[in-house]
Structures are given as structure tokens and as C-alpha cells.
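Topology and contacts: notes
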Amino acid sequence: MELSPYFQGLGDPIRQQIVALLIDKESMNVTQIAQHIPMSRPTVSHHLKILKQAGLVNVQKKGTEMFYRLEITEAIRLFKQLVTFVEEECN
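Rules of the game
Residues numbered from 1 in each chain as written. Predicted model: local features only at pLDDT ≥ 70, side-chain atom pairs only at ≥ 80, totals over all residues. Heavy atoms only, no water. Pairing = 2+ DSSP bridges. Helix = DSSP H or I, 4+ residues; strand = E, 2+ residues; numbered from the N terminus. Contact = heavy atoms within 4.5 Å. Axes fitted to C-alpha atoms, helices over the stretch in contact; angles between N-to-C directions. Phe/Tyr/Trp six-rings, centres within 6.5 Å; stacked < 30°, edge-to-face > 60°. Buried < 20%, exposed > 50% of the residue type's maximum accessible area, 1.4 Å probe, protein only. Lys NZ or Arg CZ within 6 Å of the ring centre and 35° of its normal.

1. Describing the sheet that holds strand 3 (residues 65-70)
The 3 strands lie next to each other as 1-3-2, forming an open sheet whose pairing is antiparallel. Each edge of the sheet is formed by a strand with only one pairing partner; in this case those strands are strand 1 (28-29) and strand 2 (57-62). Packed onto the sheet, helix 2 (residues 13-23) meets strand 1, strand 2 and strand 3 and runs at close to 90 degrees relative to strand 3.

As C-alpha cells, then:
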């Protein structure tokens, strides 16, 4: 079970805020996300790049804009396995 990329992706409070923001949205571009996060567009882009590398978001190009959406199905499945494993080991 390889959770390291997900932990690294979620290891920063700003990235956690971005994930929380995207939970309620189909997809958002950098400008839309930056309106909700107290960071500059380049900083938000940097955090989105890390989330993409971690496999937590994917990107779709619409015209000239890049739209980000959560891609967390696999992460959730692995986190559930981890929780089950820990519960079994602790009982």
C-alpha cells in the first residue's frame, strides 16, 4: 500500500484547503481557487502541481484555461485499508 504521495500531497495546510474547496466543486481554475485561498496565483499553482503529482487532482484544459478537479477515489480506498489494518493490529 503506497500512501506516501498522498501524505506528501496533503502535508501542507494550503493544499488541504484546496482539497476541501474542490470537494464542493465540479472543477475550478487557478484564478477561482486563488479567490478562496489567501495566496497568490503562482503559489496556488505550485500547490496544485504538488497535488497533481500526488495523484489527488487531475487537470482538464477547457479553451485556454486549466481546470482542476479532485481525483481521490484511489486515495480514499488506500486510506480505508490503512485504517482497517491499524484497527485490526490495535485490537
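2. Some points on the environment of valine 86
Mapped onto the fold, valine 86 is located in helix 5 (residues 73-90). Spatially, the C-alpha atom of valine 86 lies 20 Å from that of glycine 11, the residues being 75 residues apart in sequence.

3. Some words on the packing of aromatic side chains
Evaluated as defined, the whole model comprises 2 aromatic pairs. A centroid spacing of 6.3 Å and a plane angle of 55 degrees characterise the contact between tyrosine 6 and phenylalanine 79, whose relative ring orientation is tilted. One end of the pair, tyrosine 6, is in helix 1 (residues 4-9); the other, phenylalanine 79, is in helix 5, with 73 residues separating them in the sequence. We classify phenylalanine 79 as partly exposed; its relative accessible area is 22%. Ring centres of phenylalanine 7 and phenylalanine 79 lie 5.3 Å apart, and the angle between their planes is 80 degrees; on these two criteria the pair is classed as edge-to-face. Here phenylalanine 7 is found in helix 1, whereas its partner phenylalanine 79 is found in helix 5, with 72 residues between them in sequence. The partly exposed category is assigned to phenylalanine 7, whose relative accessible area is 46%. In this structure an aromatic cluster arises from ring pairing among Tyr6, Phe7 and Phe79. The ring of phenylalanine 67 carries lysine 62 above its face, with NZ or CZ at 5.0 Å from the centroid.

4. Focus on the pairing of strand 3
Where strand 1 and strand 3 come together, 2 bridges link them in antiparallel fashion. What sits directly across from methionine 28, in strand 3, is tyrosine 68. Between the end of strand 2 and the start of strand 3, which pair antiparallel, lie 2 residues, with glycine 63 showing a positive phi angle near 65 degrees.

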